[in-house]
Structure formats: structure tokens, C-alpha cells
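One letter stands for each residue in the lines below.
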Amino acid sequence: MKTIKRYFTQSDWVLLFLCMSCSAMSVTVLISYGLYQQGGWRDAIVQGAASLLGIVGALILSRIDYRLLANVWPVHVVLTWGLVLLTLVKNKTIGPITLGYAPSGTENYSWIRVGPLSLQPTELAKISFILTFAMHLDNVREKVNQPAVLAKLLLHILVPAALIHIQGDDGTVLIFLSIGAVMLFSAGISLRYVFGAITLAVCGVAAMLVTGKGLSSYQIQRVMALYDSSLATTNPQLYNEVMYQQDAGRVSIGSGQIFGRGLFQPDHNYVPEARNDFLFSYMAEGIGFVGCVIVLIVLFSIAFKTLATALRSREPLGTHICAGVFASLLFQIIVNLGMNLRLLPVIGVTLPFFSSGGSSALMMYLCMGLVLSVYAHNPKVEDMFEQR
């Protein structure tokens, strides 16, 4: 009984409950979507199964010391990044397995398909990246602002980002860059480097838009159509082709008004691929402004409880791990909302715990497992029990 009591007391059950609440809402929304859309309830079943598997994985990871998880980095690096490398072979079929598979609605060949199931290895690679980069930062500590050390840290970020860029999944590239940036900030990087990086990033994006190098023509069209209002009159066909999904999503959000039209209604506005990146727009039509506010409160509560765990850790390694998870959560929430509200271009970023996708749901719970491990194995918590 003492062991069970210790187990429950050491775990952040509020954080886990918030995550499970998001998953329950996601499955409910996907059931509603499946009733009236092609594909039926498959998305809801996959989401529910992946969430349950993720909860089990999170509970297991929470009992493993995060320092051990970081120290066995060769195991998860070889496993996760080996799977990522396999996706570089586009549409290669070996029996029931298809490497470099791109599901409908995307041009990113970043999945591996096994029979009816598919896995996006970059989702699992995020976890490996957070652990290895946290360990890298912990090893250099006060030396992080030395040019030679910082150069190696930047290389640690840019190499996996470049590998994922080759896949064509630039949304995930931006997630990796945001994770790396926030983790560097948590390690005490000098502000002069921060401002320098922001300046270079802005200049780099502007150069890519002007020259057309580094971005596909379709990516440039999405950015220009969003911010160039004249395109709607000068080239209406291109504008409608590029902006149809976001325009439809904004109409769907507006249709929900204050309290929503109800999830289980047959006359929802059509939004292409609403079950994925635009599930928020479909959900907003059903539950309205009030329901969306509640959803966002829960999501941001998860993010800031993750940040709180980072701040309460007395070990830099635990702080860096939680900072990486916090960055992934916050970036995905903000960018996905921006896409749905037509404030940011569509870059294929999912809404954590909500958007349909077994790989994404599993990854988020495993990330929560890391946070729970930092919470449970935090020296402050251990000292408290030793005193008792």
C-alpha cells in the first residue's frame, strides 16, 4: 500500500487528466465527423486506440528515471532516426510495407505504411531529439555561449531539421527549430544570439520568398495568397485553389457563433481534410465560442503545467526536457489556431491531442510521460519522501 500511495503521490495526475480530457473530446468530435463524412468511424477508432496506448506508455515512462532515458540515447536515436531515413525512399513497397508513403491530402512522404496502419517516424524522433539535445545542453552547461560550443549545438538542431526538410515536411521542421530555440533559451543562451538568430530568420524567409529557393511554388503561393489581398482579383482561380481550405475553415468557425450548432448535426459546413489540421474549425462549428474557449484553456493549462514542471526541477537536464515539450506544445497550438483562423499559412501542423493521427497522439502522450518522469524523479519530490 505504501508503494501504491507513493506512486500516486509522486505523479502529476492533474496533467494526465487534462490530457485524457482532450483525447476524450477528440474521439467524440471524430465520431461526429465520421457519421456524415466518408471514412466512417475509422479515425475515431485509431485516435482512441493510439490515445490508450499513449496513456499506458506515459505511465510507464513516468516510472523510469528521465536521466536513464537520456543516457540510453544510442538506442532511441538508432531506432527513431533509422525509421526516418527509411522514409527518404519514396513509395517503395516491400510486401505489406510501404516506405515514404504520403496519405491523401498531403505531399509529405514522411510516413511508413504497414497494411492498413501508418506511422510517421518524425513524431517519435521529436522525443529522441528532446532527450539528446537536453543531454547535450546539460553536458556543456556554462559553456553554452562559447562560439565553438554553440556551433555544435546549432548543428545538433540543423542536421535533423535538414533531414526532415528533404522529406518535404517543413511544418515539422519548424517544430524542431522551435524546440531547439526554446531549449537553448532554457540553457541561458545570450540575448545577443537570440536577436541575431531572429534577424537571420526574418531575412532568410524574405529571401526564400523573393528568390523562390528553398520553398516549393505551392508553399510560396500559400504565403502570398494569405498576405497579398490583390491576388483575389488579379488571379482569382489561383486564389480560390490555394485558399479554399482556409476560407472554408473560417466560415465553419463563424457558423458556430456563441454556443455552437451541435456536434451531431448533419449540416456542417464542408472543410477539406477537417479531421486533420482543421479539426478545430469543425469543432468550433459544433461547440461554438464558449466550447472553444474551454478547449483552449485545457490545452494551455497542459502547456503551462509542463513549464511549471521545468521550473520546479533542480536539475538542468529535467528543465531542458520539459522546456522542449513545452515548446512543441505551444508552437503547435498557436500555429494550428493561426491556420484555422486564416492568420498563418497552412504548413501541416496538428492540434495536440485533437487532430486525427495515431502517431501524433502517441507522441504527445510519450512527451507527457517524460514530463511526468521529471515530476516524479525531481530531487525536490525525492527529498520530501526521504524526510518522511
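Residues numbered from 1 in each chain as written. Predicted model: local features only at pLDDT ≥ 70, side-chain atom pairs only at ≥ 80, totals over all residues. Heavy atoms only, no water.

Chemist: Which residues make up the pairing of strand S3 (residues 111-114), and what values go with them?
Modeler: Summarising the sheet, strand S2 (residues 97-101) and S3 pair through three bridges and their orientation is antiparallel. Looking at the pairing, Tyr-101 lines up with Trp-111 of S3. The pairing of S3 with strand S4 (residues 117-119) spans three bridges and is classified as antiparallel. Each residue of the ladder has a partner; that of Arg-113, found in S4, is Ser-118. (Pairing = 2+ DSSP bridges. Helix = DSSP H or I, 4+ residues; strand = E, 2+ residues; numbered from the N terminus.)

Chemist: Describe in detail the packing of helix H2 (residues 13-36) against helix H3 (residues 42-62), supporting the description with residues and values.
Modeler: The geometry of H2 relative to H3 is characterised by a closest axis approach of 8 Å and an angle of 170 degrees between their N-to-C directions. Looking at the two axes, H2 sits roughly antiparallel to H3. Across the interface between the two elements, Trp-13, Leu-16, Met-20, Ser-23, Ser-26, Val-27, Leu-30 and Ile-31 from H2 touch Asp-43, Ala-44, Gln-47, Gly-48, Ser-51, Ile-55 and Leu-59 from H3. Residue composition of the contact of H2 with H3, by class: nine nonpolar, five polar and one charged. (Axes fitted to C-alpha atoms, helices over the stretch in contact; angles between N-to-C directions. Parallel < 35°, antiparallel > 145°, perpendicular 65-115°, else oblique. Contact = heavy atoms within 4.5 Å. Nonpolar A, V, L, I, M, F, W, Y, C, P; charged D, E, K, R; others polar.)

Chemist: Mind laying out the pairing of S2, listing which residues take part and the relevant values?
Modeler: Among the five residues in S2, four count as buried, and that is most of the element. In terms of strand pairing, strand S1 (residues 92-94) meets S2 through three bridges, oriented antiparallel. Pairing of Ile-94 across the sheet is with Ile-97, part of S2. Count of turn residues in the S1/S2 antiparallel hairpin: two residues, of which Gly-95 carries a positive phi of about 65 degrees. (Buried < 20%, exposed > 50% of the residue type's maximum accessible area, 1.4 Å probe, protein only.)

Chemist: Break down the sheet that holds S2 for me, citing the residues and quoting the values.
Modeler: What the four strands build is an open sheet, ordered S1-S2-S3-S4; its pairing is antiparallel. The open sheet has two edge strands with one neighbour each: S1 and S4. Strand-to-strand, the axes of this sheet are offset by a mean angle of 20 degrees, without reference to chain direction.

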